[in-house]
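Listed below are the residues making up each chain.
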Amino acid sequence: MSEKCHSILALLSVAAIFGGCIFVGQRRFATMSPLKSALSSQQRFSSTESPALTLKPGSSSEFSWRKFVEDPANFPASAFQDPVCDAPGNAKPSCHEEAGVPSPRTPWSAYTREQLETWFDVQEKQTREAAAFAAKGAVDVVFLGDSIFESFRGTSYGNQECSSKRCKGVPNEFQRVFGKLRTVVLAISGDQVQHAHWRVITANHTGHVPGGGGFDHVQPKVVVVLIGTNNLGAGMNPAEIALGIFKLVKSVAVESRAMEIVFLPLLPRAHGGKPSSQARVAEVNRLTRTLLAPPIIGVEIKARVTLSECAKVLATGDTQTKPEPNWVANRTRMPDGLHPGAAGAVFWLECVSKEVGEAVARVH
């Protein structure tokens, strides 16, 4: 079949999944024209190929995201007060950021200016650490994600010690299971799909550290991806989140130079005592699995992507027969209904390690 036919089939499949409406790249920044203009001018994502990153470190034309988001003139007075999405949870919420449009944290995804500044500091620190680690030897695995993966580092938002309820014992379990591999954890608490995607594809985005998310310096054999639960918490709809994850996985396949990708669907969620959260988790996972299958993802990339089946060990009851929308987060293994604690990590990481180990073995 010709490449053109494959492209047409992919578009038709996406249209079918999303009710006949193809909205790749659609943006709704009605109240954020400066940010919309900044995102558009950077041309950071193409639906068919990796972004062309032409800015050179230190050049006068270099765009500084840090300066942009720290300038009050670029945002209305409600910045740091309004949520990412207005009317969260609606079928079509109005969101100031989109899962499918790579973006750094903005005043809508940070609570204070200090937190926003800290986010840039944290991603710079992780990039430097990754580069220094990679300089000492080949990296086997990179873990890309949010607070669930940052728990492996024993930190929260980079520099703060993680609370005992969420992280106690988790770093030790991670080392026990993955200690024989050379691993890098690139994860920041609270990150959403668009933030992780921005970190992956952005070159020299701060004006200080070359490379986005460490990938310019780290060429891992395997990248493990888990991201998206915070998009649900922000009120984005499952279809948009799934599309953003699909775009992220494609970029990881290109930008990281990893031979294998292990994608972890969203984990069971009961955060904030909202049982309906699990139905939305299941819908994100259902749509993402469809998008990560040929012809949409492409045969070549799909051959490198492993879809994890390990989330079920964090749910109660018989997950073999119970439909995913009816899963219930095991509060013994996920004390806060969102993060696997040490008791959950024992089972979850053992399961994930088998999938990662097989992926690493295929690279050798």
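Within each chain, residues carry numbers counting from 1 in the order of the written sequence. Confidence filtering applies because this is a predicted model: local features only for residues at pLDDT of at least 70, side-chain atom pairs given and counted only at 80 or more, and all residues used for totals across whole chains, interfaces and linings. Note: side-chain values were computed over all heavy atoms of the structure, leaving out hydrogens and water.

A word on the overall build of the protein chain
Right, so step 1: Secondary structure elements are taken from DSSP: a helix is a run of H or I of four residues or more, a strand is a run of E of two residues or more, and numbering for both begins at the N terminus. Counting its regular elements, the protein chain contains 13 helices and nine strands.
Right, so step 2: Burial here depends on accessible area, computed with a 1.4 Å probe over protein chains only, as a share of the maximum for the residue type. Under 20% is buried, over 50% is exposed, and the range in between is partly exposed. Within the protein chain, buried positions represent 55% of all 364 residues.
Right, so step 3: Summarising the internal contacts of the protein chain: among those between residues at least 6 apart in sequence, 76% fall at separations of at least 24. In what follows, a contact means two residues having at least one pair of non-hydrogen atoms within 4.5 Å.

Some thoughts on the confidence of the model for the protein chain
Right, so step 1: Each residue carries a pLDDT score, the predictor's confidence in it, ranging from 0 to 100. For the protein chain, the average pLDDT comes to 80, and 76% of its residues sit at 70 or higher.
Right, so step 2: Note on residues 42-62: pLDDT is under 50 here. Beyond four places in sequence and across chains, it has 36 contacts.

Section: the packing of aromatic side chains
Right, so step 1: A pair of Phe, Tyr and Trp rings is counted when the ring centres sit within 6.5 Å of each other, with Trp represented by its six-membered ring. The angle between the planes then sorts it: under 30 degrees is stacked, over 60 is edge-to-face, the rest tilted. Counted under the stated rule, the structure contains eleven aromatic pairs.
Right, so step 2: Summarising the aromatic geometry, the rings of Phe 152 and Trp 348 are spaced 6.3 Å apart at their centres and angled 40 degrees between planes, so their arrangement reads as tilted. A residue pair is termed long-range when its members are at least 10 positions apart, and Phe 152 in the loop between helix H5 (147-150) and strand S4 (155-156) and Trp 348 in helix H13 (residues 342-363) qualify at 196 residues.
Right, so step 3: Residue class for Phe 152 comes out buried when judged on its relative accessible area of 6%.
Right, so step 4: You can call Trp 348 buried: its relative accessible area is 2%.
Right, so step 5: An aromatic cluster is built from Phe 143, Phe 149, Phe 152, Phe 174, Phe 178 and Trp 348, whose rings are joined through pairwise contacts.
Right, so step 6: The aromatic ring of Phe 133 is capped on one face by Arg 182, whose charged end is 4.0 Å from the ring centroid. Any Lys NZ or Arg CZ that is within 6 Å of a ring centre and within 35 degrees of that ring's normal is treated as a charge sitting over the ring.

Some remarks on the pairing of strand S3 (residues 141-145)
Right, so step 1: A large share of S3 lies buried, amounting to five of its five residues.
Right, so step 2: Residues of S3 alternate between two faces, with Val 141, Phe 143 and Gly 145 on one and Val 142 and Leu 144 on the opposite face, all of them buried.

Some words on unusual backbone geometry
Right, so step 1: The residue after Pro 294, namely Pro 295, is reached through a cis peptide bond having omega 5 degrees.
Right, so step 2: For Tyr 157, which is not glycine, the phi torsion reads 60 degrees and is therefore positive.
Right, so step 3: With respect to the helices and strands, the residue Tyr 157 is situated in the loop between S4 and strand S5 (160-161).

Concerning the environment of Glu 70
Right, so step 1: In this fold, Glu 70 is placed in helix H3 (residues 65-70).
Right, so step 2: Between the C-alpha atoms of Glu 70 and Glu 117, which are 47 residues apart in sequence, the distance is 7.6 Å.
Right, so step 3: In this view, Glu 70 contacts Arg 113 and Glu 117; residues no more than four positions away in its chain are not counted.

Regarding the packing of helix H7 (residues 170-178) against H13
Each packed pair of helices is defined by two parameters, the angle between the axes and the distance between the axes.
Right, so step 1: Fitted lines through C-alpha atoms give the axes, limited to the stretch in contact for helices. The angle between two N-to-C directions lies from 0 to 180 degrees. Where H7 contacts H13, the two axes come as close as 9 Å, and the packing angle between them is 25 degrees. Taken together, the axis directions place H7 and H13 in an arrangement best described as roughly parallel. Crossing of H7 over H13 shows right-handed handedness. Residues Val 170, Glu 173, Phe 174, Arg 176, Val 177 and Phe 178 of H7 lie in contact with H13, whose contacting residues are Ala 342, Ala 345, Val 346, Leu 349, Glu 350, Val 352, Ser 353 and Val 356.
Right, so step 2: Just so you know the grouping, Ala, Val, Leu, Ile, Met, Phe, Trp, Tyr, Cys and Pro go in nonpolar, Asp, Glu, Lys and Arg go in charged, and all remaining residues, Gly too, go in polar. Residues of the contact of H7 with H13, tallied by class, amount to ten nonpolar, one polar and three charged. Oblique is the label for any angle not under 35 degrees, not over 145, and not in the 65 to 115 range, which are roughly parallel, roughly antiparallel and roughly perpendicular in turn. For a crossing to be left-handed, the near helix must be turned anticlockwise from the far one by less than a right angle; the clockwise case is right-handed.

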